[in-house]
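Read off the chains here:
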Amino acid sequence: MSEEQTKQNVSLEETFEQIETIIKQLESPEVTLDDSFRLYQAGVEKIKTCNLLLDTVEKKMQVMKADGSLADFE
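Description of the structure in this document. Predicted model only: the values in this text are computed from it and were never measured. (Residues numbered from 1 in each chain as written. Predicted model: local features only at pLDDT ≥ 70, side-chain atom pairs only at ≥ 80, totals over all residues. Heavy atoms only, no water.)

Throughout the structure, instances matching the rule amount to 2 salt bridges. Residue D35 pairs with R38 through a salt bridge whose shortest N-O separation is 3.7 Å. Here the residue D35 and the residue R38 both occupy positions in helix α3 (residues 33-60), the gap between them amounting to 3 residues, near one helical turn. As a salt-bridge pair, K48 and E45 come within 3.5 Å of each other at their nearest N and O atoms. Within this pair, K48 and its partner E45 are both found in helix α3, separated by 3 residues, close to a single helical turn. (Salt bridge = Lys/Arg side-chain N within 4 Å of Asp/Glu carboxyl O. Helix = DSSP H or I, 4+ residues; strand = E, 2+ residues; numbered from the N terminus.)

This is the structure in structure tokens:
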């Protein structure tokens, strides 16, 4: 699921918002145990998506050297 979302160009911000929504739902006193497990699982998948997106961004980062040229971030 997380790889599919990454392929669909889901932004990091959108994924963070989805995680925040899941957290708010989990904090609700009305949530059932079954729903808690389902929400937890969905949250873990969203976090995996965030990790994939961050890895992609990290690989694209470049650093500007003193002479103005660009080099890959290490």
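Moving on, we come to the packing of helix α2 (residues 12-27) against α3. Two elements in contact, α2 and α3, have axes whose closest approach is 9 Å; the angle formed by their N-to-C orientations is 160°. Classified by the angle their axes make, α2 and α3 are roughly antiparallel. Between α2 and α3 lies a crossing of left-handed hand. Taking contact as the criterion, the partners of L12, T15, F16, Q18, I19, I22, Q25 and L26 in α2 are, on α3, S36, L39, Y40, A42, G43, K46, I47, T49, C50, L53 and L54. Taken together, the residues that form the contact of α2 with α3 break down as 12 nonpolar, 6 polar and 1 charged. (Axes fitted to C-alpha atoms, helices over the stretch in contact; angles between N-to-C directions. Parallel < 35°, antiparallel > 145°, perpendicular 65-115°, else oblique. Left-handed = near helix turned anticlockwise from the far one by under 90°. Contact = heavy atoms within 4.5 Å. Nonpolar A, V, L, I, M, F, W, Y, C, P; charged D, E, K, R; others polar.)

Attention now goes to the environment of G43. The residue G43 is located in helix α3 in this model. Classification of G43 as buried rests on a relative accessible area of 10%. Separated by 21 residues in the primary sequence, G43 and I22 place their C-alpha atoms 6.4 Å from one another. (Buried < 20%, exposed > 50% of the residue type's maximum accessible area, 1.4 Å probe, protein only.)

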